[in-house]
Amino acid sequence: MTDQDWDLIHQVHVKGSFKTSQAAFPIFKKQGYGRIIMTSSVAGLYGNFGQANYSAAKMGLVGLSHTVAKEGAKYNIHCNVIVPTAGSRLTEDILPPDLFAELRPELIAPVVAFLCHESCQENGSIIESAAGWAGKCAIFRSNGALLRSTVVDDVTVEKVRDKWDQICDLSNAKRMTSAQESTGALMEALEGLKNKVEEETVDTYEFGSKDAMLYALGVGASVANPQELQYLYEYHENYNILPTFYIIPAMQAVFASSIENVIPGKTISLEQVLHGEHYIEFLGEIPLEGKLTTKTKVVEVLDKGTGAVVVIDAESYDENGQLVLRNQCVTFAVKAGNFGGPRTGTKTISCQPKPNRNPDVSLTQKTSIDQAALYRLSGDRNPLHIDPSFAAVSGYDRPILHGLCTLGFSVRIVLSAFAGHNASLFTACKARFVKPVLPGQTLRVDMWREDNRIHFETIAVETNTVVIAGAYVDLKSVSITMPSKPSSQSLKSDAIFEFIIEEVKKNPQKAKSIGGVFLYKITKDKKEAKCWTMDLNKGEVYEGEPTSKANTTLTVADEDFILLAEGKLNPQQAFMKGKLKITGNIMLAQKLQPLLKANAKL
Ligand SMILES: CCCCCCC[C@@H](O)CC(=O)SCCNC(=O)CCNC(=O)[C@H](O)C(C)(C)COP(=O)(O)OP(=O)(O)OC[C@H]1O[C@@H](n2cnc3c(N)ncnc32)[C@H](O)[C@@H]1OP(=O)(O)O
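Residues numbered from 1 in each chain as written. Predicted model: local features only at pLDDT ≥ 70, side-chain atom pairs only at ≥ 80, totals over all residues.

Regarding the overall build of the chain
Item 1. For the chain, the helix and strand inventory stands at 18 helices and 21 strands.
Item 2. Here the chain, with 602 residues, has 36% of them falling under the buried criterion.
Item 3. Counting only contacts in the chain whose residues sit at least 6 apart along the sequence, the fraction spanning at least 24 positions is 70%. (Helix = DSSP H or I, 4+ residues; strand = E, 2+ residues; numbered from the N terminus. Buried ≥ 20, exposed ≤ 12 C-beta atoms within 10 Å, placed from the backbone. Contact = placed C-beta atoms within 7 Å.)

If you want it as structure tokens, here you go:
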């Protein structure tokens, strides 16, 4: 097609219609009445092979007519389009003679005449007519699809591809008659996007005992501690799930809900994201297996300068739709700050400072070099914890431990010290991850009891670095589980232990600050020395050499150890004579005195 063919056709149809309308419009306006009919074509509406110029010009008339209709409406000037299929000089030689005969213009002219009549209120319409038939054409639009999640998202080709069916689904299409109508729907969608920070996403997590036991191993539970068998054996009479396991469904939901575009103008990549803080709270009876449905939403995005803090709330519902669990995940996106957002928020659950005194109890456990490799099997497959090159991109010499693994270790240890391993006493926990932990490092958990709240801080022993701070576990009640019958041998020492147990029950707070008790039995002839160790946290009594059992099982601070001695021998003399060996500082029964003074026999 030559340019001349293109231009000539446009001159005739578009320019010709424009010029005649332009000439008539002021007269129509003055008289307060006018009817304009633009003559389009099916070749324009639907296209026709070989008629690019004609089709474009004829469709151009539709656009012209729509605007004239809008501009003329208030002066009673209507403009419509007729789309005839007509037998004319142009079509005479291309239509079969029978059809040509039935496409007489006379069969269409009455439709045009009616559109011109003053009684006809039609305006801005497209009427197709031929062979004694007429029908209205209109422009319809599908409901369409949103191609981004927030106003700061980019639209990618992949997102378009993924939404294509929805974009093209005309089953709920709506007729569009004005640009305002069309953009109105877009504005609504845009408002939705602006509020997207508050929008929820939903994820379902299905789990059984295997998931919970794998998790328990991941956070250091071990059959070496008989009390922890309940977390590792589904047929155990007290089979139980570590409370921090219920962070997993929330984290799966967090990972499913992208946070990459929550900061205006920036994209957060996984390499930048550290777990900053976490909060978990039990709100109802949580199932030991089954399905939890978790709704997550980003509740605030804070600008910390060096980084951005993204706070995500996650609420989990059981299969009956009951809200049973709440998590709040605070992520710290390194180098994503300085975007002009608020520094402090209102929705983040705050950490709590530790009490200003020495810890009541400290317990220590070494993590395995494979700790992250094991923990990640519970769901968080972030390569930061396993892939040395990914860790290097994030600025670490080697993969670091999941923050939630360190938290799982710590809470398990808190439960062992203050809840007698009874997970059902747990109600809530909050912690901030202040420094990374490397798999293989030893964790020491310092704990302080304030009523039913156990404050704790976790320290990487090798580097003496605080790794979790401002943390606490809330318990329904603090439990110091005492054995029904102490396992120590002699009647005399049984009596002493039973006495201590009774006193501890009366005064658990004081017992906590003491931590543990050693009982030495030294015979008068100094030939026999026996030792029992009682862990007041666990209520357990061990028999054995002070240097072996005592040091491995009673992991309270040295100065909290109390010595009791039977007979008149000063036990310190016995140590000096090499009859007893013990490491650490030794204090005679000073701290136990308040507990013991009531017992005259002792
Ligand atoms: C969808 C994806 C979800 C992904 C979820 C997570 C997936 C997991 O796989 C990832 C992990 O488990 S990562 C491992 C665990 N986390 C860590 O090791 C982080 C340890 N913390 C740090 O290194 C620093 O605190 C650090 C680097 C976080 C901050 O240190 P600095 O930049 O030096 O910050 P600082 O100068 O101390 O403080 C600046 C402001 O930031 C606040 N802040 C500091 N640490 C924070 C933390 N951990 N969490 C939240 N906010 C924190 C400070 O309070 C300060 O703000 P303000 O002045 O307003 O108080």
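Looking at the site of the ligand
Item 1. Contacts to the ligand come from 29 residues, most closely from Gly276, Asn382, Gly403, Phe433 and Pro436.
Item 2. Of all the elements in the fold, those that place two or more residues in the shell around the ligand are helix H10 (247-256), strand E8 (273-282), strand E10 (307-317), strand E11 (323-334) and strand E13 (426-433).
Item 3. Per-element accounting of the shell around the ligand gives the leading share, five residues, to E8.
Item 4. Here the shell around the ligand is composed, by residue class, of 14 nonpolar, nine polar and six charged. (Near = placed C-beta within 6 Å. Nonpolar A, V, L, I, M, F, W, Y, C, P; charged D, E, K, R; others polar.)

A few points about the environment of histidine 236
Item 1. For histidine 236, the location among the structural elements is in the loop between helix H9 (209-218) and H10.
Item 2. Sequence-distant contacts of histidine 236, defined by excluding residues within four places in its chain, comprise Leu229 and Gln230.

Quick look at the sheet that holds E10
Item 1. A sheet is described by the order of its strands in space; here ten strands give the open sequence E7-E9-E10-E11-E8-E13-E16-E15-E14-E12, paired in antiparallel fashion. The sheet is open, and its two borders are formed by strand E7 (201-207) and strand E12 (361-366), each paired with just one other strand. Averaged over neighbouring strand pairs, the angle between their axes works out to 20° when direction is ignored.
Item 2. Relative to strand E16 (residues 465-475), E13 is paired through six bridges, and the arrangement is antiparallel. Looking across to E16, one finds that lysine 430 is bridged to tyrosine 472.
Item 3. Against the sheet, H10 touches E7, E8, strand E9 (290-303), E10 and E11, its axis set at about 140° to E7.
Item 4. Sheet strands in contact with helix H13 (residues 403-418) are E8, E12, E13, strand E14 (442-450), strand E15 (453-460) and E16, and its direction is about 50° off that of E14. (Pairing = 2+ DSSP bridges. Axes fitted to C-alpha atoms, helices over the stretch in contact; angles between N-to-C directions.)

Focus on the environment of leucine 475
Item 1. Its location among the elements puts leucine 475 in strand E16.
Item 2. C-alpha of leucine 475 to C-alpha of alanine 428: the two residues are 47 residues apart in sequence and 7.2 Å apart in space.
Item 3. Ignoring any residue separated from it by four or fewer positions in sequence, one finds leucine 475 in contact with Phe418, Ala419, Leu425, Phe426, Thr427, Asn452 and Ile454.

Some remarks on the packing of helix H1 (residues 3-31) against helix H3 (residues 52-72)
Item 1. Close contact between H1 and H3 brings their axes to 9 Å; oriented N to C, the two are set at 20°. The angle between H1 and H3 places the two elements in the roughly parallel class. When you trace H1 past H3, the crossing you get is right-handed. The segment H1 lies against H3, with Asp5, Trp6, Ile9, His10, His13, Val14, Ser17, Phe18 and Ser21 engaging Asn53, Tyr54, Ala57, Lys58, Gly60, Leu61, Leu64 and Val68.
Item 2. Among the residues forming the contact of H1 with H3, the class breakdown is nine nonpolar, six polar and two charged. (Parallel < 35°, antiparallel > 145°, perpendicular 65-115°, else oblique. Left-handed = near helix turned anticlockwise from the far one by under 90°.)

Some points on the nonpolar core
Nonpolar side chains tend toward joint burial in soluble globular proteins.
Item 1. One finds Val310, Val414, Met447 and Val473 to be the most contacted residues of the largest nonpolar core, which totals 77 residues.
Item 2. Among the elements that take part in this core, H13 stands out by supplying ten residues, more than any other.
Item 3. Those residues in contact with valine 473, other than ones at most four positions away along the chain, are Val411, Val414, Phe426, Cys429, Ile454 and Phe456.
Item 4. Within the second largest apolar cluster, 17 residues are counted, among which are Met38, Ala69, Ile126 and Ile127. (Core = buried A, V, L, I, M, F, W, Y, C linked by C-beta atoms within 7 Å.)

Points about the sheet that holds strand E1 (residues 34-39)
Two strands in a sheet stick together by hydrogen bonds in their backbones, pointing the same way (parallel) or opposite ways (antiparallel).
Item 1. Pairing is mixed in the open sheet, where four strands are placed in the order E1-E2-E3-E4. Two strands close off the open sheet at either side, each with one partner strand: E1 and strand E4 (133-137). The sheet shows a mean angle of 30° between the axes of neighbouring strands, taken without regard to direction.
Item 2. As paired strands, strand E3 (residues 126-130) and E4 are joined by five bridges and run antiparallel to one another. Bridge pairing in E4 places glutamate 128 opposite glycine 135.
Item 3. Taken strand by strand, H1 contacts E1 and strand E2 (77-84), and its axis lies near 170° from that of E1.
Item 4. Running at roughly 145° to E1, helix H5 (residues 109-116) makes contact with E1, E2, E3 and E4 of the sheet.

Here's the deal with the pairing of E2
Item 1. Counting buried positions over the eight residues of E2 gives eight, a clear majority of the element.
Item 2. Inspection of the sheet shows E1 paired to E2 by six bridges, in the parallel sense. Its bridge partner being in E2, methionine 38 is matched across the sheet by valine 81.
Item 3. Where E2 meets E3, four bridges bridge the pair, whose relative direction is parallel. Bridge assignment links valine 83 to a residue of E3, and that residue is glutamate 128.

Here we look at the environment of serine 182
Item 1. Within the secondary structure layout, serine 182 lies in helix H8 (residues 179-194).
Item 2. Aside from chain neighbours lying at most four places away, what touches serine 182 is Arg141 and Met176.

Considerations on H13
Item 1. In a regular helix each residue adds 1.5 Å, so 16 residues correspond to 22 Å; H13 covers 22 Å between its end C-alpha atoms and thus fits that length.
Item 2. Within H13, 16 of the 16 residues are buried, which leaves the element mostly enclosed by the surrounding structure.
Item 3. A positive backbone phi angle near 55° is found at glycine 420, which sits one or two residues after H13. (Expected span 1.5 Å × (residues − 1).)

Observations regarding unusual backbone geometry
Residues apart from glycine generally show negative phi values, whereas peptide bonds are mostly found in trans.
Item 1. For lysine 335, which is not a glycine, the phi torsion comes out positive at approximately 60°.
Item 2. As for its position among the elements, lysine 335 is in the loop between E11 and E12.
Item 3. We classify lysine 335 as partly exposed; it has 13 C-beta atoms within 10 Å.
Item 4. In the Ramachandran plot, aspartate 451 falls in the positive-phi region, its phi being about 55° despite a non-glycine side chain.
Item 5. Among the residues examined, aspartate 451 registers 10 C-beta atoms within 10 Å and is labelled exposed.

A few points about the pairing of E4
Item 1. Across the five residues that make up E4, only a small minority, zero, are buried.
Item 2. Connecting E3 to the antiparallel partner E4 that follows it, the hairpin turn spans two residues, and alanine 131 within it adopts a positive phi of roughly 55°.

Focus on the confidence of the model for the chain
Item 1. Per-chain confidence: the chain averages 82 in pLDDT, with 76% of residues scoring 70 or above.
Item 2. pLDDT under 50 marks residues 521-529. Its contacts with residues more than four places away, or in other chains, come to 21 contacts.
Item 3. Contacts from residues 544-602, a stretch scored under 50 in pLDDT, to residues over four places away or in other chains number 99 contacts. (pLDDT = per-residue confidence, 0-100.)

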